[in-house]
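Examination of the molecular architecture
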Amino acid sequence: MRTQIMVVDDDEKITSLLRRSLIFEGYEVTTASNGLEGLKLLMTAEPQLLILDVMMPHVDGWEVCRRVREGGSTVPILMLTAKDDITDRVKGLDTGADDYLVKPFALEELLARVRALLRRKSDKIEDTGSKIVYEDLALDQDAREAIRNGRRIELTAKEYDLLLLFIQNPRRVLTRDVIMEKIWGYDFSGESNVLEVYIAMLRQKMEEGGGKRMIQTVRGTGYVLRGEG
């Protein structure tokens, strides 16, 4: 059975291009011309990947993403945005999107992102049903939640996966390439700052209330989870 992908975009040219290209790659494709139509289709369709434009009439991409996640769906979501702005990227990722791509984009890059998200979907970080603790930070793998100094930290699915990778490797410097491969399944070194956006969001949530910084930047290399000791 072919992998099903849904494209929701009000730009007919982009929708047509993506539909033809994805079908050529062997995927089954359904399309919607706006967010409201996309939400209606999602009531009956179960795609393995959702490509979602941000700026659409009636219901925008952020709202579609939020409703999909509130409904409990874990379908990978790739957001398409016309703005290369940190606020838009954070907003999209914070609503539960897995990745974003700025328009105009190279078709080859979009297809690579699609393959990576589908591969990541079938190769999730494995939970052991146990709690991992490092200093004042704890991850409950059954509940998929983080707690720091008794304070529950609200995390998106991707933020949790990223923090899990760090807490499984405390004090070990993880290069950007390693993190991208483990969490996103691809490396676009120098072409995408999705990792930097997620690190910024994680830091903000973990340091709320005066918590000291645990995710440290190792300049020119990557990042490391390091506490006080």
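For clarity, every value in this text was computed on a predicted model and none was experimentally measured.

Calculation rules
Within each chain, residue numbers correspond to sequence positions counted from 1 in written order. Side-chain atom pairs in this predicted model are given and counted only at pLDDT of 80 or more, local residue features only at pLDDT of at least 70, and totals for whole chains, interfaces and linings cover all residues. Hydrogens and water are ignored here; the side-chain numbers use all heavy atoms of the structure. The helix count covers DSSP runs of H or I at least four residues long, the strand count covers runs of E at least two residues long, and both are numbered beginning at the N terminus. Here the term buried applies to any residue with accessible area under 20% of the maximum for its type, exposed to any over 50%, and partly exposed to those in between, with areas from a 1.4 Å probe on protein chains only. Contacts between residues were defined by any pair of non-hydrogen atoms, one from each residue, lying within 4.5 Å. All accessible-area figures derive from a Shrake-Rupley calculation using a 1.4 Å probe, and residue coverage is judged against the displayed protein chains alone. Strands are labelled as partners when DSSP assigns at least two bridges between them. For helices, the axis comes from a line fit to the C-alpha atoms of the stretch in contact; other axes are also lines fit to C-alpha atoms, and the angle between any two N-to-C directions lies between 0 and 180 degrees. Angle categories are assigned with fixed cut-offs, so that under 35 degrees is roughly parallel, over 145 is roughly antiparallel, 65 to 115 is roughly perpendicular, and the rest are oblique. Side-chain classes follow a simple rule in which Ala, Val, Leu, Ile, Met, Phe, Trp, Tyr, Cys and Pro form the nonpolar group, Asp, Glu, Lys and Arg form the charged group, and the remainder, Gly included, forms the polar group.

**Considering the overall build of the chain**
- Tallying secondary structure elements over the chain gives eight helices and twelve strands in all.
- Classification of the 229 residues of the chain by burial places 50% in the buried group.
- Taking the contacts inside the chain whose residues are at least 6 apart along the sequence as the reference set, 60% of them involve residues at least 24 apart.
- Looking at the chain as shown, the accessible area adds up to about 11500 Å², and 49% of this sits on carbon and sulfur atoms.

**Regarding the sheet that holds strand β12 (residues 222–225)**
- What the three strands build is an open sheet, ordered β10-β12-β11; its pairing is antiparallel. Every interior strand has two partners, whereas the edge strands, β10 (174–175) and β11 (215–218), have only one.
- Packing against the sheet, helix α6 (residues 157–168) makes contact with β10, β11 and β12, and its axis sits at approximately 70° to β12.

**Focus on the packing of helix α7 (residues 176–184) against helix α8 (residues 194–206)**
- Contact geometry of α7 with α8 gives a least axis separation of 11 Å together with a crossing angle of 85°. Taken as axis vectors, α7 and α8 run roughly perpendicular relative to one another. Packed against α7, whose contacting residues are Arg176, Ile179, Met180 and Trp184, the element α8 presents Val194, Leu195, Glu196 and Tyr198 at the interface.
- Within the contact of α7 with α8, the residues separate by chemical class into six nonpolar, no polar and two charged.

**What to know about the sheet that holds strand β8 (residues 145–148)**
- Pairing is antiparallel across the open sheet formed by four strands, whose spatial order is β6-β7-β8-β9. The open sheet has two edge strands with one neighbour each: β6 (131–134) and β9 (151–153). Strand after strand, the sheet turns through a mean of 25° between neighbouring axes, direction not considered.
- In the packing of α6 onto the sheet, the strands contacted are β6, β7 (137–140) and β8, and the crossing angle to β7 comes to about 120°.

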